[in-house]
Amino acid sequence: MASISKTSITLFIITISVSSTFSATVVEELATLKPPPDFNLTIIKNCQHSPSLRYCNPSPMDNLNEIFKFTIVASHLCNESKNPNCIESFPKIDLRNRRKIVPLYLSYTFFWNYCPLSIISIDLSNNSLKGTFPIDVLSCSQIHSLDLSLNALTGDINISSFTPLTNLTSLNLSFNSFSESPVADSSFFTRFNASSFRYSGLIPSHRHYTLKAVFLLIGFPFCLIVSIVCFGWICIVRPDYLHVRKHTFTPAMLRAATNNFSRTNLVAKTDTTSIYKGTLRDGSDVRVDIYRENRENNIDHGGFREECKVLVRLRHENVVRVLGWCGNRKFRAIVTEWTEGGNVEMWLSESVPSWKQRLKLVMKVVEGMCYLQEEWPEIGYDLRTKSVLLNLKMEPLISRFKIGIQNVYSKNIYKFGVFLLEMITNRRPQEEFERGEAGFTEYIRLISSSGDVRDLIDSRMRLPENMFEQAKHGIELGLICTDQSTSKIPSLDEIFNMIAKAYKSCLVLEMQNHRRIHRDRERTHNRVVGKNM
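Residues numbered from 1 in each chain as written. Predicted model: local features only at pLDDT ≥ 70, side-chain atom pairs only at ≥ 80, totals over all residues. Heavy atoms only, no water.

1. Comments concerning the sheet that holds strand β9 (residues 273-279)
Here is step 1: Within the open sheet, the five strands sit side by side as β8-β9-β10-β12-β11. Their pairing is antiparallel. Looking at strand neighbours, the two that pair on one side only are β8 (266-269) and β11 (322-327), the edges of this open sheet. Within the sheet, the average angular offset between the axes of one strand and its neighbour, ignoring direction, is 20°.
Here is step 2: Taken together, the five bridges between β11 and strand β12 (residues 332-337) define a ladder with antiparallel strand orientation. Across the sheet, residue Gly327 finds its bridge partner in β12, namely Arg332. (Pairing = 2+ DSSP bridges. Helix = DSSP H or I, 4+ residues; strand = E, 2+ residues; numbered from the N terminus. Axes fitted to C-alpha atoms, helices over the stretch in contact; angles between N-to-C directions.)

2. A short note on the packing of aromatic side chains
Here is step 1: Tallied over the full model, the rule gives 13 aromatic pairs.
Here is step 2: Ring geometry for Phe133 against Phe178: centres 6.2 Å apart, planes inclined by 50°, an arrangement best described as tilted. Of this pair, Phe133 sits in the loop between β3 (130-131) and β4 (145-147) while Phe178 sits in strand β7 (residues 177-178), and the two are 45 residues apart along the sequence.
Here is step 3: Phe178 gets classed as buried once you look at its relative accessible area, which sits at 4%. (Phe/Tyr/Trp six-rings, centres within 6.5 Å; stacked < 30°, edge-to-face > 60°. Buried < 20%, exposed > 50% of the residue type's maximum accessible area, 1.4 Å probe, protein only.)

3. As for the state of the cysteines
Here is step 1: What the rule picks out here adds up to three disulfides.
Here is step 2: Cys47 shares a disulfide with Cys56; S-S distance 2.1 Å. Because the torsion about its S-S bond is -95°, the bridge between Cys47 and Cys56 counts as left-handed.
Here is step 3: Under the relative-accessibility criterion, Cys47 is labelled buried at 13%.
Here is step 4: Disulfide pairing is shown between Cys78 and Cys86; the S-S distance is 2.1 Å. Since a negative S-S torsion denotes a left-handed disulfide, the Cys78-Cys86 link at about -105° is left-handed. (Disulfide = S-S within 2.5 Å.)

4. A few points about the packing of helix α3 (residues 39-49) against helix α4 (residues 64-80)
Here is step 1: Two elements in contact, α3 and α4, have axes whose closest approach is 11 Å; the angle formed by their N-to-C orientations is 80°. Comparing the axis directions of α3 and α4 gives the class roughly perpendicular. Along the contact surface, α3 presents Phe39, Asn40 and Ile43, while α4 presents Leu64, Ile67, Phe68 and Thr71.
Here is step 2: Its residues assigned to classes, the contact of α3 with α4 shows five nonpolar, two polar and no charged. (Parallel < 35°, antiparallel > 145°, perpendicular 65-115°, else oblique. Contact = heavy atoms within 4.5 Å. Nonpolar A, V, L, I, M, F, W, Y, C, P; charged D, E, K, R; others polar.)

Next up, the structure:
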């Protein structure tokens, strides 16, 4: 090393003719410096004398420019590190607190590739170095001490890069921001204690361990409990968010659907039921029938749920589709499809349905009753003009099922009789008669027995004589169905056959009446034309 040092100094003085005090400007101008003509001979002699020098292998002739630059940088660095005798030895690189020039020296890869073998200590601490670990420094594999503390180095450290540094006994990487690395798992790093890596980021600090322990002991159980509570709340209160528990609604879901049961969503209200229009989370409109508790309507809640499980299975074109239910100790409701056609009572009041239209609707109602009687005799329903809904095609839908009340056949026939009489007379039993349905049927029976049947039929229809007879027979059928003094009541099949026969006959009569009216108009027209001629 002595010979290379002497050569370096000699070449430096000859080439750039400056004083023995080297400046950083010279190092910055290395790109323009060229080795002297006899530089290669000097290098060959040095390699013959000391073959272990790093620039001797591979052939120095291939890298004369880099070796020349290395000699100059080595001389500069020796002086910058305040070595006492830069000519004879170069034991250390000491650039503590030299923030302006350290990045410059680190950029010279050729120097670190030919790092002098005499260097045993490198100290680059407190220089605010940024970026990744300066891996070129590790080319000086013979060093005993390396200090890179008090910088701002970041990223990962390739632990395997330290393996050649077998003589390293002192290492300080503290106060940096490296990425966390399992240094304890490396046999090389076991030679150093924790003080070598304090606040380096390579190993978690005690505070980091404490935070993790606090989270594991307190935070994790707390988060787990909160997650379980939230998941349970969603499953029980708002299962629609998870698309589970099909057909089951909660009070919270129905409150959200009906805008907290606002008055604007209230459709109808009775002594036992409140009916709301609602919109589910998927955007579909529904009808929500809420049943209020009272002594007459105090049924078993378990039975309510079992009955509702049956209701959602109803499938008939004249029975409203039940979407689900809500049943707990304080709140019971049934959710059905929403129909835009209103109900039969509104249809009778707001329009003037023909006799044929009324017969067709009654026939459809009987079809729905037959389905319920045959398939689901355990389900009761309230058959009134208010409770029979209409879809957009003006087809009837039986609704308002009586949950927990058995389907009593005789009662259903009685309800149908009242319904039929309402369809023919367009009268409202509950509003117009003091005794409700009983007073209504007594009134119909009294007028019918006196022979003034025409006064009972909805005068807006203006029925011809042949259709008037059909309406008269309809009143008779309604009175038979509502006669509670006899045990002989017609079956639903018999009722359907009578209504269907009347409907077919109505179609024929309507066609005959239409032809007769057409002939009368032609006769009148011909008579007028004959007079004019």
